[in-house]
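Architecture and fold: a report
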Amino acid sequence: QVQLVESGGGLVQPGGSLRLSCTASGNIYSIKTMGWNRQTPGKQRELVATFTDGGITDYADSVKGRFTISRNNARNKVYLQMNNLNPEDTAVYYCNAGGYYQLHAYTIWGQGTQVTVSS
């Protein structure tokens with residue numbers, strides 16, 4: 001069993017920065033990949049960034065050069081540093097984790113945290 005808890009969302013002005021945090025608990029050693037997705041009502045949930053156990057990262061084109069994903073040494077936390085935010089970044093951001101446990105693949109999600117970029 002794995003649980004994810006997010007923090008760091010809020011209201012920020014255009015051009016500002018936020019750092020989102022996600023903490024995993026439970027069978028964290030079964031986790032292979034952690035990442036962030038975001039969703040606006042009426043739109044498809046989209047990938048923002050991923051971080052694998054091997055340290056490989058991937059980003060959506062819309063956030064490349066502005067967002068950075070990282071993972072702590074204990075590998076139970078993942079962060080998303082968001083710089084130069086614009087109103088188009090407004091969304092609910094979800095932490096996710098994927099892995100294998102007892103030969104079963106799984107994907108779990110956090111509860112989501114609201115990011116609003118507005119002046």
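So, here's what we can say about the structure. (Residues numbered from 1 in each chain as written. Predicted model: local features only at pLDDT ≥ 70, side-chain atom pairs only at ≥ 80, totals over all residues. Heavy atoms only, no water.)

Before going further, it helps to examine the environment of Gln111. Mapped onto the secondary structure, Gln111 falls in the loop between strand S10 (104-109) and strand S11 (113-117). The class for Gln111 is partly exposed, based on a relative accessible area of 48%. Along the sequence, Gln111 and Val5 sit 106 residues apart, while their C-alpha atoms lie 7.0 Å from each other. In this view, Gln111 contacts Leu4, Val5, Glu6 and Tyr94; residues no more than four positions away in its chain are not counted. (Helix = DSSP H or I, 4+ residues; strand = E, 2+ residues; numbered from the N terminus. Buried < 20%, exposed > 50% of the residue type's maximum accessible area, 1.4 Å probe, protein only. Contact = heavy atoms within 4.5 Å.)

Turning next to the pattern of salt bridges. Summed over all chains, the structure comprises six salt bridges. Across the salt bridge formed by Asp53 and Arg71, the nearest N and O atoms sit 3.0 Å from each other. Within this pair, whereas Asp53 is found in the loop between strand S5 (46-52) and strand S6 (57-59), its partner Arg71 is found in strand S7 (residues 67-71), the two being separated by 18 residues in sequence. Of the residues examined, Arg71 reaches a relative accessible area of 11% and is grouped as buried. Linking Arg66 and Asp89 is a salt bridge whose minimum nitrogen-to-oxygen distance equals 2.8 Å. Here the residue Arg66 occupies a position in the loop between S6 and S7, and Asp89 occupies one in the loop between strand S8 (77-82) and strand S9 (91-101), the gap between them amounting to 23 residues. Note on Arg66: relative accessible area 13%, which makes it buried. Beyond isolated ion pairs, a larger network of salt bridges with shared partners links Arg38, Glu46, Arg66 and Asp89. (Salt bridge = Lys/Arg side-chain N within 4 Å of Asp/Glu carboxyl O.)

Polar side-chain contacts of Arg71 include one of 3.0 Å to the side chain of Asp53. At 3.3 Å, the side chain of Arg71 and the backbone oxygen of Arg75 are in polar contact. With near-sequence residues (within four places) excluded, Arg71 lies in contact with Ile31, Lys32, Met34, Phe51, Thr52, Asp53, Lys77 and Val78. (Polar contact = N/O pair within 3.5 Å; in protein donor to acceptor, adjacent residues only side chain to side chain.)

Moving on, we get to the sheet that holds S8. The strands that make up a sheet are held in pairs by hydrogen bonds between backbone atoms, and each pair lies either parallel or antiparallel. An order of S1-S3-S8-S7 is seen for the four strands of this open sheet, with the pairing classed as antiparallel. Of all strands in the sheet, those with a lone pairing partner are strand S1 (2-7) and S7, marking the two edges. The sheet shows a mean angle of 15 degrees between the axes of neighbouring strands, direction not considered. Direction of pairing for strand S3 (residues 18-26) relative to S8: antiparallel, over a ladder of six bridges. Among the inter-strand pairings, Thr23 is bridged to a residue of S8, identified as Lys77. (Pairing = 2+ DSSP bridges. Axes fitted to C-alpha atoms, helices over the stretch in contact; angles between N-to-C directions.)

A positive phi angle, close to 65 degrees, is found at Arg75, a residue other than glycine. Topologically, Arg75 is positioned in the loop between S7 and S8. When its relative accessible area of 27% is taken as the criterion, Arg75 is described as partly exposed. Look at Gln102: it is not a glycine, yet its phi comes out positive at around 50 degrees.

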